[in-house]
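Letter by letter, the chains look like this.
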Amino acid sequence: MPENPAWRITLPHSAAAVPLARALVRTALADADAPADSDTAELLTAELVANAVEHTPARDPIELVVELLANGCQVEVHDGDPQPLGELSAGPDDARPDPWQEHGRGLLLIRTLSSTCGHRRTPHGKAVWFTLPSRRLLPADA
C-alpha cells in the first residue's frame, strides 16, 4: 500500500513562521488538486503555528507536517512543550471565549472547523493536529 504524500518543514521561531506555514499548506493542497479546503487549512494552520511560537521557548524547534489522506488532509504542528492544550479537547459547547479577550478563539476555530483535532506527546514535546475532509466538487468547480 503506498504511503500518503507528506510535506515536512522546520519553521523559524518567529512571526515569520505563520506565513511560511500557510504557504506550505497552500502549495501542498494545490499540488494535490485540493483534497481539502485550502482556505480553512491555512487558517487553522496559522492558529496552531502562532500558538506554538507564542507559548514555547525560543530554543524549541517548531515543525509543520502536512499529510494528504485519501479522504482529506491532516496538519500537525510539533513543538518542544509536552503540555497538552486543554481547550483543544474541550467540547464545542465548553468555555466559549470572551469576545473582548485577545486570546482563546483560535482553538475554538480549530475545534469547530476541523473534522477532528487533538494532541499527542512525542519524544521531543507534543504534536497538535487537525484533519479536514476532502472537498466535494460542486458543479461550479467541475
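Up top is the structure.
A brief report on the enclosed structure follows. The model shown is predicted, which means the values in this text are computed figures rather than measured ones.

Cut-offs applied
Residues numbered from 1 in each chain as written. Predicted model: local features only at pLDDT ≥ 70, side-chain atom pairs only at ≥ 80, totals over all residues. Heavy atoms only, no water. Buried < 20%, exposed > 50% of the residue type's maximum accessible area, 1.4 Å probe, protein only. Helix = DSSP H or I, 4+ residues; strand = E, 2+ residues; numbered from the N terminus. Pairing = 2+ DSSP bridges. Expected span 1.5 Å × (residues − 1). Contact = heavy atoms within 4.5 Å. Core = buried A, V, L, I, M, F, W, Y, C linked by side-chain atoms within 4.5 Å. Salt bridge = Lys/Arg side-chain N within 4 Å of Asp/Glu carboxyl O. Axes fitted to C-alpha atoms, helices over the stretch in contact; angles between N-to-C directions. Left-handed = near helix turned anticlockwise from the far one by under 90°. Nonpolar A, V, L, I, M, F, W, Y, C, P; charged D, E, K, R; others polar.

1. Examining the pairing of strand S5 (residues 125–133)
S5 sits mainly inside the fold: 8 of its 9 residues count as buried. Summarising the sheet, strand S3 (residues 72–79) and S5 pair through 8 bridges and their orientation is antiparallel. Bridge pairing in S5 places Val75 opposite Phe130. Strand direction decides the pairing type here: strand S4 (residues 116–122) and S5, joined by 7 bridges, are antiparallel. If you follow Cys117 over to S5, its bridge partner there is Phe130. The antiparallel pairing of S4 with S5 creates a hairpin that spans 2 residues between the two strands.

2. Section: helix H2 (residues 38–55)
Relative to the 26 Å expected for 18 residues at 1.5 Å per residue, H2 spans 26 Å between its end C-alpha atoms, a close match to the ideal helical length. Residues of H2 that are buried sit in contact with strand S1 (6–11), helix H1 (17–31), strand S2 (62–69), S3, helix H3 (105–113) and S5.

3. Observations concerning the nonpolar core
By size, the foremost hydrophobic cluster in this structure holds 27 residues, and its most contacted members are Leu11, Val49, Leu64, Val66, Val77, Phe130 and Leu132. Within the residue set of this core, elements represented by two or more residues are H1, H2, S2, S3, H3 and S5.

4. Re the pattern of salt bridges
For the structure on display, the rule yields 5 salt bridges. A salt bridge links Glu42 to Arg26; the nearest nitrogen and oxygen atoms lie 2.7 Å apart. Of this pair, Glu42 sits in helix H2 while Arg26 sits in helix H1; the two residues are 16 residues apart in sequence, bridging distant segments of the chain. A relative accessible area of 40% places Arg26 in the partly exposed class. When the shortest N-O distance is used, the salt bridge between Asp79 and Lys126 registers 3.0 Å. Of this pair, Asp79 sits in strand S3 while Lys126 sits in strand S5, placing them 47 residues apart in sequence. Via salt bridges that share partners, Arg22, Arg26 and Glu42 belong to a single interconnected network.

5. Topic: the packing of H2 against H3
Contact pair H2 / H3: the axes reach a minimum separation of 9 Å and the direction vectors enclose 145°. The two elements H2 and H3 meet at a crossing, and its hand is left-handed. Within the contact between the two elements, H2 uses Thr40, Leu43, Leu44, Glu47 and Leu48 and H3 uses Gly106, Leu109, Ile110 and Leu113. Looking at the contact of H2 with H3 residue by residue, the class counts come to 6 nonpolar, 2 polar and 1 charged.

Any functional reading would require information that these geometric values do not contain.
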